[in-house]
Amino acid sequence: MWRQVAEIISKRIADGTYPPGTRVPGIVELSAEFGIAASTAQKALAHLRGTGEVRTELGLGTFVADAK
């Protein structure tokens, strides 16, 4: 399930729904939107961090990485 959520967020980044530098939904928002556990949302965001699509700023949230 986390892969599906990560893919949806990735598509939203690609189509401009979440432009570079903007905040993406956090764990609580993703859990509510998709009806998933917090740990599943966390895995999805961790995957996107690993691919370089998003970056996390401690205490601020997760943001779309700047275009390369």
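Every chain is numbered on its own, with residues counted from 1 as its sequence reads. Restriction of local features to residues with pLDDT of at least 70 applies here, the model being predicted, together with a cutoff of 80 or more for giving and counting side-chain atom pairs; totals for whole chains, interfaces and linings are based on all residues. Side-chain measures were taken over the full set of non-hydrogen atoms in the model, leaving aside hydrogen atoms and water.

Points about the nonpolar core
Heads up, the condition is: Think of a nonpolar core as a cluster: buried Ala, Val, Leu, Ile, Met, Phe, Trp, Tyr and Cys residues, connected wherever their side-chain atoms sit within 4.5 Å. The buried label applies to any residue whose accessible area, calculated with a 1.4 Å probe on protein chains only, is under 20% of its type's maximum; exposed applies above 50%, and partly exposed to all values in between. The helix and strand labels rest on DSSP assignments: H or I over at least four residues marks a helix, E over at least two residues marks a strand, and numbering proceeds from the N terminus. Whether two residues are in contact is decided by their heavy atoms: any pair within 4.5 Å suffices.
If you look at the biggest cluster of nonpolar residues, it comprises 15 residues, and the most contacted ones within it are Val5, Ile9, Ile13, Tyr18, Val24 and Leu30. Mapped by element, the contributors of at least two residues to this core are helix H1 (2-14), helix H2 (27-34) and helix H3 (38-50). Residues within four places of Val5 in sequence aside, it is in contact with Phe34, Ile36 and Ala44.

With respect to the environment of Gly16
Assignment of secondary structure puts Gly16 in the loop between H1 and H2. Sequence separation of Gly16 and Leu58 is 42 residues, and the distance between their C-alpha atoms is 24 Å.

Some words on the packing of H1 against H2
What counts is decided by this rule: Axis definition: a line fitted to C-alpha atoms, over the contacting stretch in the case of helices. Angles run 0 to 180 degrees between N-to-C directions. Working rule for angles: under 35 degrees goes down as roughly parallel, over 145 as roughly antiparallel, 65 to 115 as roughly perpendicular, anything else as oblique. Throughout this entry, Asp, Glu, Lys and Arg are counted as charged residues, while Ala, Val, Leu, Ile, Met, Phe, Trp, Tyr, Cys and Pro are counted as nonpolar. The remaining residues, Gly among them, count as polar.
Close contact between H1 and H2 brings their axes to 12 Å; oriented N to C, the two are set at 105°. Relative to H2, the element H1 lies roughly perpendicular. Across the interface between the two elements, Val5, Ile8, Ile9 and Arg12 of H1 pack against Leu30, Glu33 and Phe34 of H2. For the contact of H1 with H2, the residue count by class is five nonpolar, no polar and two charged.

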